[in-house]
Amino acid sequence: MPAIEMSNPAALPADWRDILALTKPRVMSLVVFSGLCGLLAAPELPPLVLGFTAILCIALGAGACGALNQWYEVEVDASMRRTAKRPLPAGRMDRDTALQFGVGLGVFSVLLMGLATSWLAAALLAISILFYVLVYTVWLKPRTPQNIVIGGAAGAFPPLIGWVAATGHIAALPLLLFLIIFLWTPPHFWALSLFVRSDYAAAGIPMLPVVAGPQSTRRQIFIYSLAMAAAAVAPWPLGLAGPIYGLCSAILSFVFLVLAARVAANQAPDPALMGPEKHLFAYSVFYLFALFTVLVADRWLA
Amino acid sequence: MTELEDEVVRRQRERARIMAWLLGGFVVLLFFITIAKTGINW
């Protein structure tokens, strides 16, 4: 167990705001949104309350992942500026509370998903939670610079889960949505890790910029962006989405590629001069929101 | 009561109140899930 001393007297129960912060609400918003889009893009919709419950379960599952991630990474978080003020490294909460909260939330979300929608959706939710916690957080993240590539699969599950919650089965379009997020994750995280590289290096996390250097990372960002753009446009030629989606996804992906090319061309070693990387990181969040919004709009307007 | 004990009680009350709201919401949600699953139309 890490030797993190609590600045808070042990007698104090955790504040509810800190318990909420364990769930990483900002990360959860993208997960919830992509899950909702997966559900709304499905050819058949469940009753409103069951759809709401499915999205609630995806949110709770993501919250469980956040809590268990922070429980496991308390020492790493304490050594990084970006995460040092989180409830556990700041000593405002004891680790057992975080562990119990994370496990309880995860089990509850899976059971509720199974009871309300389908056990296939519940199984996918359970797999995504276990994959994020065990495969990504515990196994890959501290060991390999490919942590984000493989671990990104965990964040790609929500649209698939949303679709399965609505229809009860897996189809080609949600698998493509899975692939899009899977390929989107490396450029998104590597852009961030380029300008917070010293943080990851100090924490001993073998992120690609730390291990392979900025230039190699920039090349890989561009290569993954190419693959992601191809996957993003693919639903249109495959007949899984209409021309509205086709046109918008092509424009959005083109802008993404332009920004990724600017990153690839940047030589700056200093984070202060990493404007292209910061622009790509910010745009990547907008890109995913916009792409999934257009997919749902295309489905409903068709 | 000391300042620390006051803070403990305040936090316990806040958490108990939030837990009560969440449990109440869960009961309502279960009710509507049951209605939806049994296919009863209002």
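Residues numbered from 1 in each chain as written. Chains lettered and ligands numbered in written order. Predicted model: local features only at pLDDT ≥ 70, side-chain atom pairs only at ≥ 80, totals over all residues.

## What about the overall build of chain A?
Applicable threshold: Numbering goes from the N terminus for both helices and strands, where a helix is a DSSP run of H or I of at least four residues and a strand is a run of E of at least two. It is over C-alpha atoms that the radius of gyration is taken, and the globule rule equals 2.2 Å times the number of residues to the power 0.38. Contacts are defined on C-beta atoms placed from the backbone: any two residues whose C-beta positions lie within 7 Å are in contact.
A tally of helices and strands in chain A yields 13 helices and zero strands. Rg of the C-alpha trace for chain A: 20 Å, near the compact-globule value of 19 Å for 302 residues, within the 12% margin. Taken along the three principal axes of its C-alpha coordinates, chain A extends 60 × 50 × 25 Å. Sequence separation of at least 24 residues holds for 73% of the intrachain contacts in chain A that already meet a minimum separation of 6.

## Quick look at the packing of helix H12 (residues 243–265) of chain A against helix H13 (residues 275–301) of chain A
All names here are of chain A. What counts is decided by this rule: All axes are obtained by fitting lines to C-alpha atoms, using only the stretch in contact for helices, and the reported angles, taken between N-to-C directions, cover 0 to 180 degrees. Any angle that falls under 35 degrees is termed roughly parallel, while one over 145 is termed roughly antiparallel, one within 65 to 115 roughly perpendicular, and all others oblique. Side-chain classes follow a simple rule in which Ala, Val, Leu, Ile, Met, Phe, Trp, Tyr, Cys and Pro form the nonpolar group, Asp, Glu, Lys and Arg form the charged group, and the remainder, Gly included, forms the polar group.
Closest axis-to-axis distance for the H12/H13 pair is 9 Å, and the angle between their directions is 175 degrees. When the axis of H12 is compared with that of H13, the two are roughly antiparallel. Looking at the contact of H12 with H13 residue by residue, the class counts come to 19 nonpolar, two polar and three charged.

## Concerning the interface of chain B and chain A
Listed by partner, the interface residues are twelve residues for chain B and eleven residues for chain A. A per-class count over the side of chain B that touches chain A returns seven nonpolar, one polar and four charged.

## Examining the environment of Leu288(A)
Counting through the fold element by element, Leu288(A) comes out in helix H13. If near-sequence neighbours (up to four positions away) are discounted, Leu288(A) is found in contact with Leu30(A), Ser34(A) and Trp184(A).

## Focus on the domain arrangement of chain A
Residue and element names in this part refer to chain A. Operational definition: The source of the domain bounds is an automatic or database domain assignment.
Assigned domains of chain A: these are domain 1 (14–169) and domain 2 (171–302). A C-alpha centroid distance of 21 Å is found between domain 1 and domain 2. Every contact between the two is made by 28 residues of domain 1 and, on the other side, 27 residues of domain 2. Per-element accounting of the side of domain 1 that touches domain 2 gives the leading share, ten residues, to helix H7 (residues 147–167). Class assignment for the residues of the side of domain 1 that touches domain 2 results in 17 nonpolar, seven polar and four charged.

## So, the packing of helix H11 (residues 214–233) of chain A against H12(A)
Residue and element names in this part refer to chain A. The interhelical angle for the contact between H11 and H12, taken along N-to-C directions, is 175 degrees, at an axis separation of 9 Å. Taken as axis vectors, H11 and H12 run roughly antiparallel relative to one another. Between H11, through Arg218, Arg219, Ile221, Phe222, Ser225, Leu226, Ala229, Ala232 and Val233, and H12, the contact on the second element is made entirely by Gly246, Ser249, Ala250, Ser253, Phe256, Leu257, Ala260, Ala261, Val263 and Ala264. Per-class residue counts for the contact of H11 with H12 are 13 nonpolar, four polar and two charged.

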